[in-house]
Amino acid sequence: MSISMDDLELSCWECEGKGVIEQEGKQQTECPKCDGKGTILTAQGQTLLHFIKKHL
Ligand SMILES: [Zn+2]
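## So, the coordination of the zinc ion
Bound to the zinc ion are the protein donor atoms Cys12 (SG), Cys15 (SG), Cys31 (SG) and Cys34 (SG), situated 2.3 Å from the metal. Mapped onto the sequence, the residues coordinating the zinc ion show the spacing C-x2-C-x15-C-x2-C. Placement of Cys12 in the loop between strand 1 (9-11) and strand 2 (20-21) and of Cys34 in the loop between strand 3 (29-30) and strand 4 (39-41) is noted, with a sequence separation of 22 residues between them. The pair Cys12 / Cys34 is uniform in exposure class, with both members buried.

Listed below in structure tokens is the structure:
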């Protein structure tokens, strides 16, 4: 493989990969940055995803 998972997605910096935002005195909320996935697609990841969706 010439591409690795690190090339496709990154750990979300907003929630540190947890998928939820912890707020003091409040309930955990789903991270809006990554939609609760904990990872964010890189440009390469988005390109691949777009390609796959197009040809499925
Ligand atoms: Zn996040």
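We are not done yet, so read on.
## A word on a nonpolar patch on the surface
A surface patch of nonpolar side chains, amounting to about 440 Å² of accessible area, comprises Leu48, Phe51, Ile52 and Leu56. In this structure, Ile52 sits in helix 2 (residues 43-55).

## Overview of the environment of Gly45
Locating Gly45 in the fold gives a position in helix 2. A sequence separation of 37 residues divides Gly45 from Leu8, and the C-alpha atoms of the two residues are 3.9 Å apart. In this view, Gly45 contacts Asp7 and Leu8; residues no more than four positions away in its chain are not counted.

About the criteria used
- Residues numbered from 1 in each chain as written.
- Predicted model: local features only at pLDDT ≥ 70, side-chain atom pairs only at ≥ 80, totals over all residues.
- Heavy atoms only, no water.
- Donors = N, O, S within 2.8 Å, 3.2 Å for Na, K, Ca; no water.
- Helix = DSSP H or I, 4+ residues; strand = E, 2+ residues; numbered from the N terminus.
- Buried < 20%, exposed > 50% of the residue type's maximum accessible area, 1.4 Å probe, protein only.
- Patch = residues over 30% accessible without salt bridge, like charges linked within 9 Å, V, L, I, M, F, W, Y side chains within 5 Å.
- Areas by Shrake-Rupley, 256 points an atom, 1.4 Å probe, with all protein chains shown as cover.
- Salt bridge = Lys/Arg side-chain N within 4 Å of Asp/Glu carboxyl O.
- Contact = heavy atoms within 4.5 Å.

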